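# Structure at a glance
One-letter residues, chain by chain:
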Amino acid sequence: MEETRKQNEKLLAVLLVIIAALFIAPVFVILMNSFKSQFYIVDTPFVFPTGETFVGLTNYLTGIEKIGFFSAFGYSLFITVFSVAAIVLFTSMLAWYLTRVKSKLNRVIYYLLVFSMIVPFQMVMFTMSKMANMLHLDNPVGIIVVYLGFGAGLSTFLFCGFIKAVPLEVEEAAYMDGCGPIRTFFSVVFPILKPTAITVAILNAMWIWNDYLLPYLLLGTKYKTIPIAVQYLKGGYGSIDWGAMMAMIILSIIPIIVFYLTCQKYIIKGIVDGAVKG
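Just so we're clear, the structure is a prediction, and the values are computed from it rather than from any experiment.

### Some words on the overall build of the protein
From N to C terminus, the protein includes 14 helices and zero strands. Counting from the amino terminus, helix and strand elements in the protein follow one another as α-α-α-α-α-α-α-α-α-α-α-α-α-α. Along the three orthogonal principal directions, the C-alpha set of the protein runs to about 75 × 65 × 35 Å. Taking all 278 residues of the protein together, 38% fall into the buried category. Counted over contacts in the protein with a minimum sequence separation of 6, partners at least 24 positions apart contribute 75%. For the protein, the exposed surface amounts to about 16,300 Å²; the carbon and sulfur share of it is 72%. Positive and negative side-chain charges of the protein, numbering 19 and 14 respectively, have mean locations separated by a distance of 6 Å.

Dropping the structure here:
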């Protein structure tokens, strides 16, 4: 029995390594081709760079200059950081209120938020972009409000599930010590929500950083985020600067990979606590 279990574990480990390799392979191919000249990327995309094909950092420097990478990086960073901060702050407060204050209206709000998780973005994108234009939200600050609306469903759902498992006696003790609702939330409740808050931050940061459609609809070409800026490496008549595009893709994914690897240990714990407890 023990021998069978060990064999199953080895087979599972091999299977997971194969799956990981399949996911990593495209990124490795992009990284490899980011150091090759344009002609050899098209002709031999799966061959390692050689002395003849290697161009050093030329593709990176060309891409940075062509798309205005640092400006696009600044817009992406600003929108992502403040959108994620707003989502974590406001949805955690909303979840606490919906969980602790029992009423029919709160139940309706909760189920509407849950329902919003299954509504495809394509169903609302035209009316949403029109409404955003009318409310002057078509700018880097206004789009934060839009992201808050789109991210509220899943984030509130996760927070509500976790808060249901937080003993009410902890909050009652804070009230007895003279804490008001705001101080109770920030001093007692929010620190307990740390695993779920980090999970919500990671999930939304990966979504917002890599999002192309919503910034394109609201911001257009005036405020170019990285996904939008990379598209400008396409020239006329279908020509594409593949070397620069590969290089910019690598630069764009480095920040979110670092952020994910730093906080990934909280993801499974936060999702399980938020979706199962209570």
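### Focus: the environment of D241
Examined against the element boundaries, D241 turns out to sit in the loop between helix 12 (226–230) and helix 13 (242–263). For the pair formed by D241 and S129, sequence separation is 112 residues and the distance between their alpha carbons is 31 Å. Setting aside chain neighbours within four positions, we find D241 in contact with Q38, T62, K66 and L233. A polar contact of 2.8 Å, which involves the side chain of D241, links it to the side chain of K66.

### Looking at the pattern of salt bridges
Going through the model one piece at a time under the given rule, you end up with two salt bridges. Residues D241 and K66 are paired through a salt bridge, measuring 2.8 Å at the closest nitrogen-oxygen approach. Within this pair, whereas D241 is found in the loop between helix 12 and helix 13, its partner K66 is found in helix 3 (residues 58–67), the two being separated by 175 residues in sequence. Accessibility expressed as a relative area gives 52% for K66, which makes it exposed. The partner of E171 in a salt bridge is R100, with the nearest N and O atoms 2.8 Å apart. Highlighted residues: E171 in helix 8 (residues 168–176) and R100 in helix 4 (residues 69–100), separated in sequence by 71 residues.

### Some details on the domain arrangement of the protein
Often, the extent of an interface is quoted as the loss of accessible area on bringing the components together. We note that the domain assignment places domain 1 (2–56) and domain 2 (68–232) within the protein. Centre-to-centre separation of domain 1 and domain 2, based on C-alpha positions: 35 Å.

### Notes on helix 13
Taking 1.5 Å as the rise per residue, helix 13 with 22 residues should run 32 Å; its terminal C-alpha atoms sit 32 Å apart, in good agreement. If you look at helix 13, its biggest bend is around 30°, right at I254, and the proline P255 turns up within four residues after that. Buried within helix 13 we find G243, A244, M245, M246, A247, M248, I250, S252, I253, I256 and C263.

### A word on the packing of aromatic side chains
Under the criterion given, the structure shown has 16 aromatic pairs. Consider the rings of F73 and W209, whose centres lie 5.7 Å apart with planes at 75°: the pair is edge-to-face. Here F73, found in helix 4, pairs with W209, found in helix 10 (residues 194–210); they are 136 residues apart in sequence, far enough to count as distant. Aromatic ring contacts, followed pair by pair, group F69, F70, F73 and W209 into a single cluster. Its guanidinium or amino end placed over the ring of Y232, K224 lies 4.5 Å from that ring's centre, counting from NZ or CZ.

### Let's talk about helix 5 (residues 104–116)
Look at helix 5: 18 Å from first C-alpha to last across 13 residues, which is about the 18 Å you get at 1.5 Å a residue. Of the positions making up helix 5, those classed as buried are N106, Y110 and L113. For helix 5, the arc enclosing every buried residue in end-on projection is 65°, short of the 170-degree limit, so these residues lie on one face. Away from its buried face by more than 90 degrees, helix 5 exposes K104, L105, R107 and L112. Each element contacted by the buried residues of helix 5 is listed here: helix 4 and helix 7 (142–163).

### Notes on the side chain of T156
On the secondary structure map, T156 appears in helix 7. For T156, a relative accessible area of 0% corresponds to the buried category. In contact with T156, not counting residues within four places along its chain, are T91, L94, A95, L98 and L113.

### What to know about unusual backbone geometry
Positive phi, close to 60°, is recorded for H136, a residue that is not glycine. Note on H136: relative accessible area 60%, which makes it exposed.

Basis of the calculations
Residues numbered from 1 in each chain as written. Predicted model: local features only at pLDDT ≥ 70, side-chain atom pairs only at ≥ 80, totals over all residues. Heavy atoms only, no water. Helix = DSSP H or I, 4+ residues; strand = E, 2+ residues; numbered from the N terminus. Buried < 20%, exposed > 50% of the residue type's maximum accessible area, 1.4 Å probe, protein only. Contact = heavy atoms within 4.5 Å. Areas by Shrake-Rupley, 256 points an atom, 1.4 Å probe, with all protein chains shown as cover. Lys, Arg positive; Asp, Glu negative; His and termini not counted. Charge placed at Lys NZ, Arg CZ, Asp CG, Glu CD. Polar contact = N/O pair within 3.5 Å; in protein donor to acceptor, adjacent residues only side chain to side chain. Salt bridge = Lys/Arg side-chain N within 4 Å of Asp/Glu carboxyl O. Domains from an automatic or database assignment. Expected span 1.5 Å × (residues − 1). Bend = angle between axes of the 7 residues up to and from the residue. Phe/Tyr/Trp six-rings, centres within 6.5 Å; stacked < 30°, edge-to-face > 60°. Lys NZ or Arg CZ within 6 Å of the ring centre and 35° of its normal. Arc of directions from axis to C-beta.

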